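Summary of structural features
Chain residues, written in single-letter form:
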Amino acid sequence: MLADVNYLYGKPTTTGQYKQQYSDFVVKEDLGFELTGDGEHVLVYLQKCDCNTIYVAEQLAKYVGISPRLVSYAGLKDRQAVTQQWFSLHMPGQATPDFADFQVDGCQILQVTRHNKKLKIGALKGNYFKIILRELSAKTELDAKLTLIRQHGVPNYFGEQRFGRDGNNLTQALKWANGEITVKDRHKRSFYLSAARSAIFNAIVSQRIEQNLHQQVLVGDILQLAQRSSWFVAPAAELAELQQRLQQGELNITAPMVGDSPLGTEAAALEFEQNCLHHWSQFNALFKQERLATARRSLLLRPQQLVWQWLDNSNIDIGFYLPAGSYATSVIRELIIGNE
């Protein structure tokens, strides 16, 4: 999937090792809101290593004696990592359990409280990452790339995990779109549709990079206010001012998460996106059938609080914060070979 899309700063020449140890990839979830301390939901903040999120949710449900359907979380976290995240257990009218005897290999409960609402998928602000890259072949290139990333960001590509093992989710989506299979399971339908839309988004971003339009406002572009969800269409009369605001980091250019509704762009931006979408027309009928609304997503991803420290001449510790829905692999991909 990512092997076919363009790099923002050119394909790196530096080789290195990624995720040699679980502790080389640390993720800490940031919900972005305060928990109430009371309510129907027991909130468990848990650190896990070599455990996937769904498995841990099932074990928490088993421990407190409720259905797994009553356990929720804001997002799936990588198994091959040390991750800290919240789990929500719906337990109305029940006392907060004592988790002193909860034992799952690789898991440690850090905090327990209550909240008045269920945690839903996507209900988080972002994640803090601490990543160690090892056995790096070059130091100068990495320092230069990190400086550029701090200034301009990276392509906001969806990571390989979005497409399933060996891209299977996208393969199945193509078969579904072509009428070769039917898909009844709602989870599979969701995974396949997400894979198709994500692949299209990645391709459009890659084309803007190839044509050097990733930091160029086109007439009719949909622009998003940085770190906010509000957006507007770029009029021709304000192009120079909008370009300046883009360079100052106030605005982001967006690309479509394609559905059945209009793209929303106009003029030159609409023409560009329509030309890109010709290569993906096999999904049109499927998106219409599933009644998917078109959404927008920023072309570029600017890691916040980006810092790095060389542990020695060949190992580096990198820290940064990403908003929800973004992928740390999009950052690492720009730095070393072999992360695809």
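Above this text you will find the structure in question.
Overview of the structure. (Residues numbered from 1 in each chain as written. Predicted model: local features only at pLDDT ≥ 70, side-chain atom pairs only at ≥ 80, totals over all residues. Heavy atoms only, no water.)

1. Some details on the packing of helix H3 (residues 168–177) against helix H4 (residues 186–210)
Condition: Interaxial angle, 0 to 180 degrees, is taken between N-to-C directions of lines fitted to C-alpha atoms, where a helix line uses only the stretch in contact. Strands are runs of DSSP state E lasting at least 2 residues, helices are runs of H or I lasting at least 4, and numbering of each runs from the N terminus. For classification, angles of less than 35 degrees are called roughly parallel, those exceeding 145 degrees roughly antiparallel, those between 65 and 115 degrees roughly perpendicular, and all remaining angles oblique. Whether two residues are in contact is decided by their heavy atoms, any of which lying within 4.5 Å being enough. Amino acids outside the nonpolar list (Ala, Val, Leu, Ile, Met, Phe, Trp, Tyr, Cys, Pro) and the charged list (Asp, Glu, Lys, Arg) are all regarded as polar, and Gly is one of them.
One can describe the packing of H3 onto H4 by two numbers: an axis separation of 8 Å at closest approach and a directional angle of 95°. Classified by the angle their axes make, H3 and H4 are roughly perpendicular. Residue-level inspection shows Asn169, Leu170, Gln172, Ala173 and Trp176 of H3 in contact with H4, the latter providing Arg189, Phe191, Tyr192, Leu193, Ala195, Ala196 and Ala199. Broken down by class, the residue content of the contact of H3 with H4 amounts to nine nonpolar, two polar and one charged.

2. Topic: the packing of H4 against helix H6 (residues 267–277)
Test applied: For any helix crossing, the convention is left-handed if the near helix is rotated counterclockwise from the far helix by under a right angle, and right-handed if that rotation is clockwise.
Contact pair H4 / H6: the axes reach a minimum separation of 10 Å and the direction vectors enclose 125°. Judged on the interaxial angle alone, H6 and H4 are oblique. Crossing of H4 against H6: the hand is right-handed. Within the contact between the two elements, H4 uses Ile200, Ile204, Gln207 and Arg208 and H6 uses Phe272, Cys276 and Leu277. The residue inventory of the contact of H4 with H6, partitioned by class, reads five nonpolar, one polar and one charged.

3. Quick notes on the environment of Asp260
This is how it is decided: Buried means the residue's accessible area, taken with a 1.4 Å probe over protein chains only, is under 20% of the maximum for its type, while exposed means over 50%, and partly exposed covers the values in between.
Within the secondary structure, Asp260 is located in the loop between strand E11 (251–257) and H6. Assessed through its relative accessible area of 38%, Asp260 is described here as partly exposed. In the structure, Asp260 is positioned 30 residues away from Ser230 in sequence and 21 Å away in space, judged by C-alpha atoms. Discounting residues that sit within four places of it in the chain, Asp260 has contacts with Phe287, Lys288, Leu292 and Thr294.

4. Points about the sheet that holds strand E10 (residues 231–233)
Quick reminder of the rule: At least two DSSP bridges between two strands are needed for those strands to be called paired.
Spatially, E10-E9-E11-E12 is the arrangement adopted by the four strands of the open sheet, whose pairing is antiparallel. Of all strands in the sheet, those with a lone pairing partner are E10 and strand E12 (295–298), marking the two edges. Direction aside, the axes of adjacent strands within the sheet are offset by 45° on average. Of the strand pairs in this sheet, strand E9 (residues 222–225) and E10 are connected by three bridges, and their pairing is antiparallel. Counted as the bridge partner of Gln224 is Trp231 from E10. In the packing of helix H5 (residues 239–247) onto the sheet, contacts are made with E9, E10 and E11, and the angle to E11 comes to roughly 95°.

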